[in-house]
Amino acid sequence: MTLPLRERFPGTKSLAHVTLGCFPTPVEPMLDLARLLGIQSFFVKRDDISGRAYGGNKVRKLEFLLGQALAESRRAVITFGAVGSNHVRATAVYGGQLGLQVHAVLAPQASTPYLEAKLSR
């Protein structure tokens, strides 16, 4: 698979990579929101659908970070984040799919309704 990053920056060709996401993600017009905001147009990049297992912008960086771990024949990775960290969750999902043990160091995070809803999923 050819990555646009590698086409634009040939020096990145030596970086290890594993395909996790479905790229490029679409950019969609949000006509109702634009109208509500009183502006002519408003577009949203749909990175939420970047990966089948877990979407978001974390997938792009994990393709390189986890790709490097596999290239070095690592069996485990360690990550750090707050209790509700999207990065930690994405690393656990994709690292696990790739057969890596994922260890997470979690920092405390103030409890909010958003965090509680997130943790219950």
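Our subject in this report is the structure included herewith. Worth saying up front: this structure is predicted, and the values here are computed from it rather than measured.

## A look at the pattern of salt bridges
Opposite charge on two side chains lets them pair, provided their charged atoms get close. Counted by the stated rule, this structure contains five salt bridges. Residues arginine 46 and glutamate 28 are paired through a salt bridge, measuring 3.2 Å at the closest nitrogen-oxygen approach. With arginine 46 in the loop between strand 2 (43–45) and helix 3 (58–71) and glutamate 28 in strand 1 (residues 27–29), this residue pair connects regions lying 18 residues apart in the sequence. Judged by its relative accessible area of 29%, glutamate 28 falls in the partly exposed class. Between aspartate 47 and arginine 60 there is a salt bridge; the shortest N-O distance is 2.8 Å. Of this pair, aspartate 47 sits in the loop between strand 2 and helix 3 while arginine 60 sits in helix 3, and the two are 13 residues apart along the sequence. Residue classification places aspartate 47 among the buried positions, given a relative accessible area of 16%.

## A look at helix 3
With 14 residues, helix 3 should reach 20 Å at 1.5 Å per residue; the first-to-last C-alpha distance of 20 Å fits that figure. Looking only at helix 3, the buried set comprises Val59, Leu62, Glu63, Leu66, Gly67 and Ala69. For helix 3, the angular spread of buried residues about the axis comes to 155°, placing them on one side. Turned more than 90 degrees away from the buried face of helix 3, the exposed residues are Leu65 and Ala71. Along its buried surface, helix 3 packs onto strand 3 (76–82) and helix 4 (86–97). Trailing helix 3 by a residue or two, serine 73 shows a phi angle of about 55°, which is positive.

## What about the nonpolar core?
One finds Val18, Leu20, Tyr54, Val59, Leu62, Leu66, Ala69, Val77, Ala90, Tyr94 and Leu100 forming the largest nonpolar core, which totals eleven residues. At four residues, helix 3 tops the list of elements feeding residues into this core.

## Examining helix 4
Helix length check: helix 4, at twelve residues, gives a terminal C-alpha distance of 17 Å against a target of 16 Å (1.5 Å per residue), a fit within 8%. Listed as buried for helix 4 are His87, Val88, Ala90, Thr91, Tyr94 and Gly95. Seen from one end, helix 4 has its buried residues packed into an arc of 165°, which puts them on one side. Check the buried side of helix 4 and you find it contacts helix 3, strand 3 and strand 4 (101–107). The N-cap of helix 4, judged by a side-chain oxygen 3.2 Å from the amide nitrogen of histidine 87 a few residues on, is serine 85. With its phi angle positive at about 85°, glycine 99 sits one or two positions after the end of helix 4.

Cut-offs used in this document
- Residues numbered from 1 in each chain as written.
- Predicted model: local features only at pLDDT ≥ 70, side-chain atom pairs only at ≥ 80, totals over all residues.
- Heavy atoms only, no water.
- Salt bridge = Lys/Arg side-chain N within 4 Å of Asp/Glu carboxyl O.
- Helix = DSSP H or I, 4+ residues; strand = E, 2+ residues; numbered from the N terminus.
- Buried < 20%, exposed > 50% of the residue type's maximum accessible area, 1.4 Å probe, protein only.
- Expected span 1.5 Å × (residues − 1).
- Arc of directions from axis to C-beta.
- Contact = heavy atoms within 4.5 Å.
- Core = buried A, V, L, I, M, F, W, Y, C linked by side-chain atoms within 4.5 Å.
- Polar contact = N/O pair within 3.5 Å; in protein donor to acceptor, adjacent residues only side chain to side chain.

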